Amino acid sequence: MTKSSYQHHNQITERRIIEGFSNLLKETKTVETIRVSEIALASDISRQTFYKYYESKEDFIEQSIAIILDDITKILTNDLEFGYDVIVEMLTYLRNNRDIILPFIHYYPNIDNILTNYIRITVINSTIDNIEDKLEQAYQLPGIYSLEIYITTIKMIITTWLINDEQTSPEKIATYILKSVKI
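Computed from a predicted model, the values in this text were never measured in an experiment.

(A) Seen up close, the nonpolar core. By size, the foremost hydrophobic cluster in this structure holds 56 residues, and its most contacted members are Phe 21, Phe 60, Ile 72, Leu 91, Leu 94, Phe 104 and Ile 177. Discounting chain neighbours no more than four positions away, the residues touching Leu 91 are Ile 158, Trp 161, Pro 170, Ile 173, Ala 174 and Ile 177.

(B) View of the environment of Thr 175. Among the secondary structure elements, Thr 175 is positioned in helix H10 (residues 170–180). Note on Thr 175: relative accessible area 24%, which makes it partly exposed. The spatial distance from the C-alpha of Thr 175 to the C-alpha of Tyr 84 is 7.5 Å, given a sequence separation of 91 residues. Within the local environment of Thr 175, its side chain forms a polar contact with the backbone oxygen of Glu 171, the two atoms lying 3.0 Å apart.

(C) Representation of the packing of aromatic side chains within the structure. Per the stated rule, a full pass over the model turns up seven aromatic pairs. With a centroid separation of 5.1 Å and an interplanar angle of 80°, the aromatic rings of Phe 21 and Phe 60 are classed as edge-to-face. Of the two residues, Phe 21 is situated in helix H1 (residues 3–26) and Phe 60 in helix H4 (residues 57–76); the sequence distance between them amounts to 39 residues. We note that Phe 21, like Phe 60, is buried. Judged by centre distance (5.8 Å) and plane angle (55°), the rings of Phe 50 and Phe 60 are tilted. In this pair, Phe 50 is assigned in helix H3 (residues 47–53) and Phe 60 in helix H4, connecting sequence segments 10 residues apart. An identical accessibility class is assigned to Phe 50 and Phe 60; each is buried. Following the ring pairs from residue to residue traces out a cluster consisting of Phe 21, Phe 50, Tyr 51, Tyr 53, Tyr 54, Phe 60 and Phe 104.

(D) Highlighting the environment of Ile 45. Looking at the element boundaries, Ile 45 is found in the loop between helix H2 (36–43) and H3. Along the sequence, Ile 45 and Gly 20 sit 25 residues apart, while their C-alpha atoms lie 9.8 Å from each other. Setting aside anything within four residues of it in sequence, one finds Ile 45 in contact with Thr 13, Arg 16, Ile 17, Ala 40 and Phe 50.

(E) How the structure looks around unusual backbone geometry. Although it is not a glycine, Asn 130 sits at a positive phi angle of roughly 50°. Note that Asn 130 resides in the loop between helix H7 (111–124) and helix H8 (131–139). Even without being glycine, Gln 140 reaches a positive phi, approximately 60°. Along the polypeptide, Gln 140 turns up in the loop between H8 and helix H9 (143–164).

Parameters at a glance
Residues numbered from 1 in each chain as written. Predicted model: local features only at pLDDT ≥ 70, side-chain atom pairs only at ≥ 80, totals over all residues. Heavy atoms only, no water. Core = buried A, V, L, I, M, F, W, Y, C linked by side-chain atoms within 4.5 Å. Buried < 20%, exposed > 50% of the residue type's maximum accessible area, 1.4 Å probe, protein only. Contact = heavy atoms within 4.5 Å. Helix = DSSP H or I, 4+ residues; strand = E, 2+ residues; numbered from the N terminus. Polar contact = N/O pair within 3.5 Å; in protein donor to acceptor, adjacent residues only side chain to side chain. Phe/Tyr/Trp six-rings, centres within 6.5 Å; stacked < 30°, edge-to-face > 60°.

So, in structure tokens, the structure goes:
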């Protein structure tokens, strides 16, 4: 097996494990009550295979969220000023992976803080010049409050869309985001 086909096989297996875990969460199991053996069974792998990839259930969850956020980061780095096209691409990714992402949003403790911090870091690391000054001017509030309004608005539009509104297109949601946030 070549290195690239081995990596592809690993990505497929990791995806199956994430999907299996997400399906367990959808069955109204809590994160705390799900056992590794159940994740393995739902993913159609052995416990041994699970432990080949992850040290523990907690390690798996952290890595799963990191994989999703890394995928989003790869998209967003195509345009660090977050123009319409890159936002649509990111939203399309979220929509295409909704079945995996939604259970994390619903059932993973602390996901709200993870999303808030991810958006904060992404915005701060953007190539938008003087972002804090621009936010202060746009919202007419001190920077710390302006940044929180900006972050919360983005997070709420995206999570509301994923949870409640699978009919609206990524293009329309991108328009909502760009109309709602000010810079």
